[in-house]
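Here are the chains, one letter per residue:
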Amino acid sequence: MKKATVLAVGLAVATSLASGSALAAGDAGKGEKVFKKCVACHTIKKGDKNKVGPNLFAVVGRTAGTVDGFKYSKGFLMAAEKIGSWEEGEIFEYLADPTKFLQKVAGSKKARSKMTFKLKKEDQRNDVIAFLKANQ
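Residues numbered from 1 in each chain as written. Predicted model: local features only at pLDDT ≥ 70, side-chain atom pairs only at ≥ 80, totals over all residues. Heavy atoms only, no water.

Draft legend 1. Expanded view of the confidence of the model for the chain. Of all residues in the chain, 82% have pLDDT values of 70 or greater, and the mean over the chain is 86. Confidence over residues 1–21 falls short of pLDDT 50; this stretch has zero contacts with residues more than four positions distant or in other chains. (pLDDT = per-residue confidence, 0-100. Contact = heavy atoms within 4.5 Å.)

Draft legend 2. Layout of the packing of aromatic side chains. Summed over the entire model, instances satisfying the criterion amount to eight aromatic pairs. Arranged with centres 5.2 Å apart and planes meeting at 65 degrees, the rings of tryptophan 86 and tyrosine 94 form a pair that is edge-to-face. Grouping residues by exposure puts tryptophan 86 and tyrosine 94 together as buried. Among the aromatic side chains, those forming a connected cluster through ring pairs are Phe70, Tyr72, Phe76, Trp86, Tyr94 and Phe101. Across from the ring centre of phenylalanine 92, 4.1 Å away, lies the NZ or CZ of arginine 125, which sits over that ring. (Phe/Tyr/Trp six-rings, centres within 6.5 Å; stacked < 30°, edge-to-face > 60°. Buried < 20%, exposed > 50% of the residue type's maximum accessible area, 1.4 Å probe, protein only. Lys NZ or Arg CZ within 6 Å of the ring centre and 35° of its normal.)

This is the structure:
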């Protein structure tokens, strides 16, 4: 009976891990290196001016579309109302394909992101998120 219980618990844990989100704890140090691809368009220091993209200081948990002085695309603003705040899952999905994410969230193929860069590798997205969280 005990072996069956242990096996059932083990199977339940394995199933939940396999079907869970792709989010995993990232490495902030590795994320800092990956973020170097982003600095052409983004800053991450408190008080820095926006560039082509908004300043990303304290982005994790921040209400989407609310950086002072940054002009967001119409598509971004359509999606921002539905996003609410930028949590890890939203950032993870956005980084993979910003326009596709906005179209899905906004429910409109017309939604477009100004950000054309796509970060395809899941581990790099997790690392960048860890770096963003470390720089709040």
